[in-house]
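Summary of the model geometry
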Amino acid sequence: MQPTQDEYEKAMIEAFVNKPEKTLWYQQAFSKFNINGIDTMKWVWSWWAFFGGWAFLLYRKQYLPALVLFILSLLASAVPFGGLLVAILAGGFSTYFIYKGYKQKKAEIENAISDPQKRIETMREVGGYNQWVVWVYVLFVTLLFLYMVSTMLAVASMN
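Residues numbered from 1 in each chain as written. Predicted model: local features only at pLDDT ≥ 70, side-chain atom pairs only at ≥ 80, totals over all residues. Heavy atoms only, no water.

1. Some words on the packing of helix 1 (residues 5-17) against helix 6 (residues 82-112)
When two helices pack together, their arrangement is given by the angle between the helix axes and by the axis-to-axis distance. Just so we agree on the cut-off: Between the N-to-C directions of two axes lies an angle of 0 to 180 degrees, each axis being a line fitted to C-alpha atoms and, for a helix, fitted only over the stretch in contact. Helix and strand definitions here come from DSSP, where helices need a minimum of 4 consecutive H or I residues and strands a minimum of 2 consecutive E residues; each element is numbered from the N-terminal end. Any angle from 65 to 115 degrees is called roughly perpendicular, while one under 35 is roughly parallel, one over 145 is roughly antiparallel, and all others are oblique. Rotating anticlockwise by less than a right angle from the far helix to the near helix defines a left-handed crossing, while the corresponding clockwise rotation defines a right-handed one. Residue contacts are defined here by distance: any two heavy atoms, one from each residue, within 4.5 Å place the two residues in contact. Gly falls in the polar group here, along with every residue not listed as nonpolar (Ala, Val, Leu, Ile, Met, Phe, Trp, Tyr, Cys, Pro) or charged (Asp, Glu, Lys, Arg).
Between helix 1 and helix 6, the shortest axis-to-axis distance is 11 Å and the interhelical angle comes to 115°. Taken together, the axis directions place helix 1 and helix 6 in an arrangement best described as roughly perpendicular. Helix 1 and helix 6 meet at a crossing whose hand is right-handed. Judged by residue contacts, Tyr8, Glu9, Met12, Ile13 and Phe16 of helix 1 engage Ile98, Gly101, Tyr102, Lys105, Lys106 and Glu110 from helix 6. Partitioned by chemical class, the residues of the contact of helix 1 with helix 6 number six nonpolar, one polar and four charged.

See the structure below:
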């Protein structure tokens, strides 16, 4: 028995997200980006994206948006409150880039595979997340923290 279009779409999103506890959140977020077949960028808040920024996009396998956000974050850090502004924008708009990545992967899979069940299995393989990013981000933040502490100690010892 073939799944209905709605069941198929939910299964594809679930396979893409590959975290059952997050599927409903992404289904609701993705539904805000598609209005009667037209994709529109909307504000959907994500605390993970706010605090994680580029790492959130890297975690969700959105490599080009992650690189752009990383570079933008570096440039914005030179401006007072620039980093905060970029973090707020990342928190509100990063999920849209994940949606665009989902749509792209879905289109590629649907063009290559006709069987709905095989499409879902393939989406589970190509979608998902990079668990290693969590560890890299923790290491990055730890090294940044240690650098800041050592710099403050060095400045304090000069006085």
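2. Looking at the nonpolar core
Stated formally: Only buried Ala, Val, Leu, Ile, Met, Phe, Trp, Tyr and Cys residues count toward a nonpolar core, and they belong to the same one when joined by side-chain atoms within 4.5 Å. Relative accessible area decides the class of each residue, using a 1.4 Å probe on protein chains only: under 20% of the type maximum gives buried, over 50% gives exposed, and in between gives partly exposed.
One finds Phe16, Tyr26, Phe30, Ile98, Tyr102 and Met123 to be the most contacted residues of the largest nonpolar core, which totals 31 residues. Listing elements by their share of this core, those giving two or more residues are helix 1, helix 2 (20-33), helix 4 (54-59), helix 5 (63-76), helix 6 and helix 7 (116-126). The dominant element in this core, judged by the number of residues it contributes, is helix 6, at seven residues. Ignoring sequence-local partners within four residues, the contact set of Phe16 consists of Phe30, Arg60, Gln62, Ile98, Gly101, Tyr102, Lys105, Met123, Gly127 and Gly128.

3. Here's the deal with the packing of aromatic side chains
Here a ring pair, both rings aromatic, is described through the centre-centre distance and the interplanar angle of the planes. Heads up, the rule is: Two aromatic rings from Phe, Tyr or Trp, using only the six-membered ring of Trp, form a pair when their centres are within 6.5 Å; if the ring planes differ by under 30 degrees the pair is stacked, by over 60 it is edge-to-face, and anything between is tilted. Criterion for a charge above a ring: Lys NZ or Arg CZ within 6 Å of the ring centre, and within 35 degrees of the ring normal.
Inspection of the entire model under this criterion finds 22 aromatic pairs. Summarising the aromatic geometry, the rings of Trp54 and Phe140 are spaced 5.3 Å apart at their centres and angled 90° between planes, so their arrangement reads as edge-to-face. Of this pair, Trp54 sits in helix 4 while Phe140 is found in helix 8 (residues 132-158), placing the two residues 86 residues apart along the sequence. Assessed through its relative accessible area of 35%, Phe140 is described here as partly exposed. An aromatic cluster is defined as three or more aromatic residues linked by ring pairs; in this entry it consists of Phe16, Trp25, Tyr26, Phe30, Phe33, Tyr96, Phe97, Tyr99 and Tyr102. A cation over an aromatic ring shows up here: Lys19 above the ring of Tyr129, its NZ or CZ 4.8 Å from the ring centre.

So far we have only geometry, and geometry alone does not tell us how the molecule works.
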